[in-house]
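What follows is the residue order along each chain.
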Amino acid sequence: MFETVTLDIATIDFPSEGELKTVQAAELARLIEVGVTSLAALLGKPTGQVRTQLGKAAGIKDFARADIDDLREAAQTLRLRLNEPSVRTPARLPRMQRPTGMGQLPVPRTVKQAAIAMSCGLCADPIKAGEIIGRTRNPKNERLHKTMGWLCQHCLYERREKPRRRDVLLRVFHHLFANNAVDLNAYECAVLSIWLLEDPHVAGTASWQRDPLTATIVRLQTSQQEEKATTWIAFPTARTIIHVLRECAVTPAPADAELLDAITQHLHEWDTNPQGIEHRRYGRGPGFHAQVLQATDRPSVLSERGGPFDLHHAPPPATEKEAEDA
Ligand SMILES: [Zn+2]
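These numbers come from a predicted model, not from an experiment.

Caption draft 1: Broad picture of the domain arrangement of the protein. Domain parsing of the protein yields domain 1 (2-83) and domain 2 (162-325). Just the C-alpha atoms count here: the centres of domain 1 and domain 2 sit 41 Å apart.

Here it is as structure tokens:
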């Protein structure tokens, strides 16, 4: 028996963690089939049972319909199992508290512990192996929004209740990407107004001089005080906000600064179309933005992730009174 096991491991030849990061969907699906068959032989269990267990561990109901992010995580999970067949993935995850009200985010489609170290599919924060990751359900409007990859715990649960500066930036970016006005909840309005007013000379920046944000700041502060679930920021104003933040004299945290630079760069590319993406073919909306982003000669955490992403709207107001006030 021992010899058979050794022989099986030697003949599996499963790719390394690093190799799996670059394998495409069809090959991942093939590797998973090979790996599942090998693991079943190692454990002396039926292939179907091992496949179902892997599906449960990786959050996949139907392997034929799984996308590349799901398949990659499943392949990494399988690789760990092949290396240590006796080690079972802990079945129970800690029960996560989902915020309520305007900070709420939809129930994730699947949640698991990361098989390997990775980075968040939205905010790009590093994720360690074993930390909670999850995927959202497919976007409601699949023609407009793209499906996000594996998200970190903060992006899954807390990004709207305890928004960081870069959560607000990402929200602005993905709304501009989709050619939409930006909707912010009271928490996000607070983060943004405090940031904008951090530099006492902010009104002297060239972008503010061109398009003063005085009324916008008042709206953001009012929304914060009145705890409004939704405040709409018009498209041109959202762009001005990005430019003003970039011009501010107060140096942002490195992660915020990097994101601000990337957004400014991509907004500029959408305006100037340096790679000559055909408007005739892609129009001037999100499809065009996606092509320009993909063709950029200076890739960023944003262009690597694509989009636009549906970052969720606050739940509809519970009463007519609230609807009038919103
Ligand atoms: Zn994240």
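Caption draft 2: The arrangement of the pairing of strand β1 (residues 110-113) in detail. Of the two faces of β1, only the one carrying Thr110 and Lys112 is buried; Val111 and Gln113 on the other face are not. Note that β1 and strand β4 (residues 132-135) share four bridges and pair antiparallel. Residue Thr110 lies in a different strand from β4, and its bridge partner there is Arg135.

Caption draft 3: Spatial organisation of the coordination of the zinc ion. Distances from the zinc ion to its protein donors, Cys120 (SG), Cys123 (SG), Cys152 (SG) and Cys155 (SG), fall at 2.3 Å. Here the zinc ion is ringed by four donor atoms whose angles at the metal span 107 to 113°, and the overall shape comes out tetrahedral. Here the donor residues for the zinc ion map to a single chain with the spacing C-x2-C-x28-C-x2-C. Of this pair, Cys123 sits in the loop between β2 (118-119) and β3 (126-127) while Cys152 sits in strand β5 (residues 151-152); the two residues are 29 residues apart in sequence, bridging distant segments of the chain. Judged on exposure class, the residue Cys123 and its partner Cys152 are both buried.

Caption draft 4: Looking closely at the sheet that holds β1. If you trace the three strands from one edge of the open sheet to the other, you get β1-β4-β5, paired in antiparallel fashion. In this open sheet, the two edge strands, each paired with only one partner strand, are β1 and β5. Taken together, the two bridges between β4 and β5 define a ladder with antiparallel strand orientation. When the sheet's bridge partners are listed, Ile133 is paired in β5 with Cys152.

Caption draft 5: Spatial organisation of the side chain of Ser207. You can see Ser207 is positioned in helix α9 (residues 206-210). Excluding residues within four positions of it along the chain, Ser207 makes contact with Thr240, His243, Val244 and Glu247.

Caption draft 6: Spotlight on the environment of Leu293. Checked against the element boundaries, Leu293 lands in helix α14 (residues 286-294). Between the C-alpha atom of Leu293 and that of Ala314, which follows or precedes it by 21 residues, the distance is 28 Å. Each residue touching Leu293, except ones within four places of it in the same chain, is listed here: Phe173, Phe177, His266, Trp270, Leu302, Ser303 and Gly306.

Caption draft 7: Structural detail: the packing of helix α11 (residues 235-247) against helix α12 (residues 254-272). The interhelical angle for the contact between α11 and α12, taken along N-to-C directions, is 130°, at an axis separation of 10 Å. Relative to α12, α11 is oriented oblique. The interaxial crossing formed by α11 with α12 has left-handed handedness. Each of Arg239, Ile242, His243, Leu245 and Arg246 in α11 lies in contact with α12, whose residues at this interface are Leu260, Asp261, Ile263, Thr264, Leu267 and Asp271.

Caption draft 8: Inspection of the side chain of Thr216 at higher detail. Turning to its location among the elements, Thr216 is positioned in helix α10 (residues 214-226). Judged by relative accessible area, Thr216 falls into the buried class, the value being 10%. Residues within four places of Thr216 in sequence aside, it is in contact with Ile233, Thr237 and Ile241.

Caption draft 9: Just α14, in detail. If you check which residues of α14 are buried, you get Pro286, Phe288, His289, Val292 and Leu293. Mapping the buried residues of α14 onto a view down its axis gives an arc of 155°, with all of them on the same face. Those residues of α14 hidden inside the fold are in contact with α7 (165-177), α12, α13 (279-282) and α15 (301-305).

Caption draft 10: Main features of the nonpolar core. Residues Leu122 and Leu196 are the most contacted members of the largest nonpolar core, which totals 52 residues. For this core, the leading source of residues is α7, giving seven residues. Among the nonpolar cores identified, the runner-up in size contains 21 residues, and Leu20, Ile60, Leu78 and Leu82 belong to it.

What counts as what
- Residues numbered from 1 in each chain as written.
- Predicted model: local features only at pLDDT ≥ 70, side-chain atom pairs only at ≥ 80, totals over all residues.
- Heavy atoms only, no water.
- Domains from an automatic or database assignment.
- Buried < 20%, exposed > 50% of the residue type's maximum accessible area, 1.4 Å probe, protein only.
- Helix = DSSP H or I, 4+ residues; strand = E, 2+ residues; numbered from the N terminus.
- Pairing = 2+ DSSP bridges.
- Donors = N, O, S within 2.8 Å, 3.2 Å for Na, K, Ca; no water.
- Tetrahedral: all angles 85-135°; square planar, octahedral: opposite > 155°, others 65-115°.
- Contact = heavy atoms within 4.5 Å.
- Axes fitted to C-alpha atoms, helices over the stretch in contact; angles between N-to-C directions.
- Parallel < 35°, antiparallel > 145°, perpendicular 65-115°, else oblique.
- Left-handed = near helix turned anticlockwise from the far one by under 90°.
- Arc of directions from axis to C-beta.
- Core = buried A, V, L, I, M, F, W, Y, C linked by side-chain atoms within 4.5 Å.

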